Amino acid sequence: MTDYYPSIILNTAMKNFLKKNYRYILFTLIFFIINCVFFYSFHASIGKSKVLIILTLLIIYIILAILVFYLKEKKHFKLHKIFLVVAPVLGVLYIFIMPLCAPPDEPNHFRRAYEISEGFILSDRNDQNIGGRTLPDSITVALTEPKNYAEIPEIFSNSIDSRDEKFQTFANTSLYSPISYLPEVIGIWIGKILHLPIFMLVYLARFFNLACWVILVYYAIKITPRGKATFFLLALLPISMQSATSCQADALVNASTLVFFAFILSKIKNPIKLSQKESIATVALTIIISMCKIVYIPICFLLYLLPRECFNSKKDKILKVSILLLVVVALNLIWLSFSSGYLIEFMPEVNSGEQLHYILSNPFNYLSIIANTFATHSVFYLISGLGGSLGNLCINLSEIYILFLGFFIMYTYLNEDRRQFDLSVLQKIVISIISILCIGLICTSLYIQWTAFSADTIDGIQGRYFLPIVPMLLFLLTPLNNRKNSFNYIYPVIIGISINIYALGVIMSHYLI
């Protein structure tokens, strides 16, 4: 009899839970079924491994869904707290499911980070004037891309046995400043203190890259006055997750630009004087963004959008912002004076000097090349930018699913709670100019280094290069919804989890063949 009443209470609680959440549970189940359908339809060559993959991902999906529903039942449902639960779980899965060396240029990024951990700010050069450094040969062995998971233990075993050192070139990452690799370097240092083998150092570098990225994005979602669900979805794009969980410089710059833009928006919404902590954070983010990749330096000029109320006066604002930007430009010029010596022409028929002269002499013709590039490759930029091509562009997700994700991000932004806040026309003009400058710098850098002189389109551009400016481009649009508390954040959370579960399944299938 004593067990009767607790069972009644439990049944009542379960009924109430199902009644309150049946729509979300149904939505979750529908998207898991969609994942299975796309997985089976587009990856039919997996055979018996499909069952293992589906069961593994089903367990992960259920665990994450339970965590989300549990947090939703709390009185204060905060999207940044959901991100702090979901992103690390998905991130750890990416770290271990995506083999070392699979993400673009990961071997060279790790070599550059390892070099910095040894105390070398600048790279060395070989007889051909190519940037690199004499490093343990175990790095080359450990960063051999496996054809399948079965090869990984042998690769790691061989890397442990390797004791030699040799000069290893990494021309494309010798250009990067040490700031780009701060999270990875910390992980490598810790690994060295613990005397771990090289392959473990790579995993530690991945972990610290992920941790830094999660913290920055967490604060971006927390402080932005609008677009929280949009920021959440952009952060959980498969291509963004891949960058955050590999040894790449993109993770730090992507997260830094997102939190920097969120900070600018928060001050536009609530124009109060900057605290000492905010001033320090602003300076740090400005330096990080500019020094990670020079093509994103125009984003730093968003500082001029800070209201004068954030300073002592309008004159104080112009003076302080201008000094900071001058310092940033000077730091970039100093670094460029050192790193330019590592510039090489990566592709045949490239002549950097002639191409730069062509741009300056024929600006309108060059603009037509840019226009032709986007007209020819815009679909590829969209698909790859959303995460349609993972790994070294060899792991392809369903384009239908990816395009749906892009549509849903746009829908989310346009229908999120505007909370009576929108950017002015002047502010949108400034953001437009900054975005155009970033796009122009991205195109120009690849035109000079990667594109044959006679080409009528620019080679080497990938959609992920535009991720730092996507939030700014979205904020040029005015949301449709002006009512408070009318947008349900559960659906973007489920979509974000769902697309990554599908992506992880495709990655597993690629290396199980």
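Residues numbered from 1 in each chain as written. Predicted model: local features only at pLDDT ≥ 70, side-chain atom pairs only at ≥ 80, totals over all residues. Heavy atoms only, no water.

S.K.: What should I look at first to understand the packing of aromatic side chains in this one?
M.R.: Ring pairs (aromatic) are described by centroid distance and by the angle formed between their planes. For the coordinates displayed, the defined rule picks out 19 aromatic pairs. Taking 5.1 Å as the distance between ring centres and 80 degrees as the angle between the ring planes, the aromatic pair formed by Y218 and Y219 counts as edge-to-face. Residue classification places Y219 among the partly exposed residues on the basis of a relative accessible area of 41%. Summarising the aromatic geometry, the rings of F374 and F466 are spaced 5.9 Å apart at their centres and angled 50 degrees between planes, so their arrangement reads as tilted. Here F374, found in helix α16 (residues 363-386), pairs with F466, found in the loop between α18 (425-450) and α19 (470-474); they are 92 residues apart in sequence, far enough to count as distant. We classify F374 as partly exposed; its relative accessible area is 24%. Here F466 falls in the buried class, since its relative accessible area comes to 12%. Cluster of aromatic residues (ring-pair linked, three or more members): F231, F261, Y413 and F475. Between R133 and the ring centre of F120, over which it is positioned, the NZ or CZ distance is 3.8 Å. Here K192 stacks its cationic end above the ring of Y114, 4.3 Å away from the centre of that ring. (Phe/Tyr/Trp six-rings, centres within 6.5 Å; stacked < 30°, edge-to-face > 60°. Buried < 20%, exposed > 50% of the residue type's maximum accessible area, 1.4 Å probe, protein only. Helix = DSSP H or I, 4+ residues; strand = E, 2+ residues; numbered from the N terminus. Lys NZ or Arg CZ within 6 Å of the ring centre and 35° of its normal.)

S.K.: What is the right way to read the sheet that holds strand β3 (residues 165-169) from this model?
M.R.: Paired through backbone hydrogen bonds, the strands of a sheet run either parallel or antiparallel to each other. Judged by pairing direction, the sheet is antiparallel, and its 3 strands sit side by side in the order β1-β2-β3 without closing on themselves. This sheet does not close on itself; its edge strands, each paired only once, are β1 (124-125) and β3. Two strands pair when backbone bridges link them, and strand β2 (residues 131-136) and β3 are joined in this way by 5 bridges, in the antiparallel orientation. Residue pairing in the sheet places L135 in a bridge with K166 of β3. Packing of helix α4 (residues 106-117) onto the sheet brings it into contact with β1, β2 and β3, and relative to β2 it is tilted by some 75 degrees. (Pairing = 2+ DSSP bridges. Contact = heavy atoms within 4.5 Å. Axes fitted to C-alpha atoms, helices over the stretch in contact; angles between N-to-C directions.)

S.K.: Help me out: how do you make sense of the nonpolar core in this one?
M.R.: One broad trend across soluble globular proteins is that nonpolar side chains are buried collectively. Within the largest apolar cluster, 151 residues are counted, with the highest numbers of intra-cluster contacts made by F83, F110, W213 and L302. Residues within four places of W213 in sequence aside, it is in contact with F83, A87, A235, S240, M241, A244, A251 and A255. (Core = buried A, V, L, I, M, F, W, Y, C linked by side-chain atoms within 4.5 Å.)

S.K.: Quick question: what am I supposed to make of the side chain of S180 here?
M.R.: Relative to the helices and strands, S180 resides in the loop between α7 (171-174) and α8 (182-193). Under the relative-accessibility criterion, S180 is labelled buried at 1%. Of note is the side chain of S180, whose polar atom sits 3.4 Å from the backbone oxygen of C292. Leave out the neighbours within four places in its chain, and S180 touches A249, L252, M291 and C292. (Polar contact = N/O pair within 3.5 Å; in protein donor to acceptor, adjacent residues only side chain to side chain.)

S.K.: What is the right way to read the environment of V470 from this model?
M.R.: Within the secondary structure layout, V470 lies in helix α19. The exposure class of V470 is partly exposed, given its relative accessible area of 24%. Separated by 212 residues in the primary sequence, V470 and L258 have C-alpha atoms spaced 9.5 Å apart.

S.K.: What's the story with the packing of α4 against α8 in this structure? I'm lost.
M.R.: For any two helices packed against each other, the geometry is given by the interaxial angle and the distance between the axes. Packing of α4 against α8 brings their axes to within 9 Å, and their N-to-C directions diverge by 65 degrees. For the pair α4 and α8, the crossing hand works out as right-handed. Contacts between α4 and α8 involve F110, A113, Y114, I116 and S117 from the first element and E184, V185, I188, W189 and K192 from the second. Residues belonging to the contact of α4 with α8 are distributed by class as follows: 7 nonpolar, 1 polar and 2 charged. (Left-handed = near helix turned anticlockwise from the far one by under 90°. Nonpolar A, V, L, I, M, F, W, Y, C, P; charged D, E, K, R; others polar.)

S.K.: Hey, could you run me through unusual backbone geometry in this one?
M.R.: Among all residues except glycine, the phi angle is most often negative; among peptide bonds, the trans geometry is most common. The residue C101 is not glycine, and still its phi comes out positive at about 85 degrees. Looking at where C101 falls in the secondary structure, it is placed in the loop between α3 (79-97) and α4. Owing to a relative accessible area of 12%, C101 belongs among the buried residues under this scheme. Its identity as a non-glycine residue notwithstanding, D105 has a phi of 60 degrees, on the positive side. Within the secondary structure, D105 is located in the loop between α3 and α4.

S.K.: Looking at this model, I keep getting lost on the pattern of salt bridges. Mind explaining?
M.R.: Opposite charge on two side chains makes pairing possible when the charged atoms of those side chains draw close. All told, the structure shown has 9 salt bridges when counted by the stated rule. Here R112 and E115 are joined by a salt bridge, their closest N and O atoms 2.6 Å apart. Placement of the pair is R112 and E115 together in helix α4, with a separation of 3 residues, close to one helical turn. By the burial criterion, R112 is buried, and E115 matches it. We note a salt bridge from K320 to D316, for which the minimum N-O separation is 3.3 Å. With K320 and D316 both in helix α14 (residues 314-339) and 4 residues apart, this pair spans about one turn of that helix. Of the residues examined, K320 reaches a relative accessible area of 45% and is grouped as partly exposed. Through salt bridges with shared partners, a single ionic network connects R112, E115 and R133. (Salt bridge = Lys/Arg side-chain N within 4 Å of Asp/Glu carboxyl O.)

S.K.: I would appreciate a short explanation of the side chain of K267 in the present structure.
M.R.: Among the secondary structure elements, K267 is positioned in helix α12 (residues 250-269). Judged by its relative accessible area of 4%, K267 is buried. Ignoring any residue separated from it by four or fewer positions in sequence, one finds K267 in contact with I272, K273, L274, E278, L306, P307 and C310.

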